[in-house]
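# Fold and contact review
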Amino acid sequence: MKIYQCVTHFFNYQRLNVKKNTLRNHEFVLGNFQHHFGDIELCTVKSEDILTFMSTITDGTKQNTKKLRFTLLSAFFNFVKNSIDQEVQNPCDNPALRKLFKAGKPAQLKILEKDVVDEIIFRTRNQRNRLMLELMARSGMRVGEVLKLTPRDVQDRKLIIRD
């Protein structure tokens, strides 16, 4: 089956079943896929071709973007295999490609020492900001929770949290 036919079937299915941003991402990847490979049979696309294609559309992007685009392309081939033609092999199903396009490691968060937090709070001049920092540091409240507080949430010296 030709690439454009498979892409058409895929989009007809996706328009009914995925969110708008997901569809937009698929359109970007598969539009470039069609442009890159032209009007050839889908079964002639090999892993080496996928590597070349992915290198062109992910050049200069972050690792998570590379992973997303690779996953979208792999989902397209899986859809074709499961819904249109069981004989089609997924060229993305290659250990080297999966390793190359895996997600990056999350950034390690730095935990501040109590003394550093105290110093930051002490040096904060704005009373509102200082109170917000105190509440977040001492009670473990999140920024959004602190911002939702109103004067009626304070009774005597106690803070009452309501949903």
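Above this text sits the structure in question.
Residues numbered from 1 in each chain as written. Predicted model: local features only at pLDDT ≥ 70, side-chain atom pairs only at ≥ 80, totals over all residues. Heavy atoms only, no water.

A few words on the state of the cysteines. Using the criterion set out here, one finds zero disulfides in the structure. C6 takes part in no disulfide bond, and the closest cysteine sulfur to it belongs to C43, at a distance of 9.1 Å. On the basis of relative accessibility, which here comes to 1%, the residue C6 falls in the buried class. C43 gets classed as partly exposed once you look at its relative accessible area, which sits at 45%. (Disulfide = S-S within 2.5 Å. Buried < 20%, exposed > 50% of the residue type's maximum accessible area, 1.4 Å probe, protein only.)

Our focus in this paragraph is a nonpolar patch on the surface. Where nonpolar side chains cluster on the molecular surface, the patch consists of L112, V116 and I120 and spans about 240 Å² of accessible area. In this fold, V116 is placed in helix 6 (residues 114–123). (Patch = residues over 30% accessible without salt bridge, like charges linked within 9 Å, V, L, I, M, F, W, Y side chains within 5 Å. Areas by Shrake-Rupley, 256 points an atom, 1.4 Å probe, with all protein chains shown as cover. Salt bridge = Lys/Arg side-chain N within 4 Å of Asp/Glu carboxyl O. Helix = DSSP H or I, 4+ residues; strand = E, 2+ residues; numbered from the N terminus.)

What follows deals with the packing of aromatic side chains. Overall, the coordinates contain eleven aromatic pairs when judged by the stated rule. Joined through ring pairs, the aromatic side chains of F10, F11, Y13, F33, F37, F53, F76, F77 and F79 make up one cluster. (Phe/Tyr/Trp six-rings, centres within 6.5 Å; stacked < 30°, edge-to-face > 60°.)

Note on placement: N90 falls in the loop between helix 4 (63–84) and helix 5 (95–100). Discounting chain neighbours no more than four positions away, the residues touching N90 are S74, F77 and N78. (Contact = heavy atoms within 4.5 Å.)

For Q89, the position within the fold is in the loop between helix 4 and helix 5. Apart from the residues within four sequence positions on either side, Q89 is in contact with F77 and K81.

Moving on to the nonpolar core. If you look at the biggest cluster of nonpolar residues, it comprises 27 residues, and the most contacted ones within it are F33, L42, I50, L73, F76 and F77. Those elements giving two or more residues to this core turn out to be helix 1 (3–17), helix 2 (20–37), helix 3 (47–57) and helix 4. Ranked by the residues each element gives to this core, the list is headed by helix 4, at seven residues. What F33 contacts, discounting residues up to four positions off in sequence, is I3, G38, L42, V45, I50, F53, L73, F76 and F77. (Core = buried A, V, L, I, M, F, W, Y, C linked by side-chain atoms within 4.5 Å.)

Moving on to helix 7 (residues 127–139). Over its 13 residues, helix 7 extends 18 Å from the first C-alpha to the last, a length consistent with the 18 Å expected when each residue adds 1.5 Å. Backbone nitrogen of R128 and a side-chain oxygen of the N-cap are separated by 2.8 Å at the start of helix 7; the cap is N126. Immediately downstream of helix 7, the backbone of G140 shows phi near 80°, a positive value. (Expected span 1.5 Å × (residues − 1). Polar contact = N/O pair within 3.5 Å; in protein donor to acceptor, adjacent residues only side chain to side chain.)

At a closest axis distance of 9 Å, the pairing of helix 6 and helix 7 adopts a crossing angle of 160°. Relative to helix 7, the element helix 6 is oriented roughly antiparallel. In the crossing of helix 6 with helix 7, the sense of the turn from one axis to the other is left-handed. Residues V117, D118, I120, I121 and F122 of helix 6 form the contact with helix 7, whose own contacting residues are R130, L133, E134, A137 and R138. (Axes fitted to C-alpha atoms, helices over the stretch in contact; angles between N-to-C directions. Parallel < 35°, antiparallel > 145°, perpendicular 65-115°, else oblique. Left-handed = near helix turned anticlockwise from the far one by under 90°.)

Turning to the environment of N17, a few remarks are in order. Note that N17 resides in helix 1. Residue class for N17 comes out partly exposed when judged on its relative accessible area of 48%. A distance of 2.8 Å separates a polar atom in the side chain of N17 from the backbone oxygen of Y13.

This structure, assessed with the given rule, holds six salt bridges. Two residues, E41 and K2, come together in a salt bridge whose shortest N-O distance is 3.9 Å. Note that E41 is positioned in the loop between helix 2 and helix 3 and K2 in the segment before helix 1, a separation of 39 residues in sequence. A residue is classified by how much of its surface remains accessible, and K2, at 27% relative accessible area, is partly exposed. E119 is the salt-bridge partner of R123, the closest N and O atoms lying 2.5 Å from each other. Pair noted here: R123 and E119 are both in helix 6, with a separation of four residues, about one helical turn. Within the structure, one salt-bridge network assembled from shared partners comprises K114, D118, E134 and R138.

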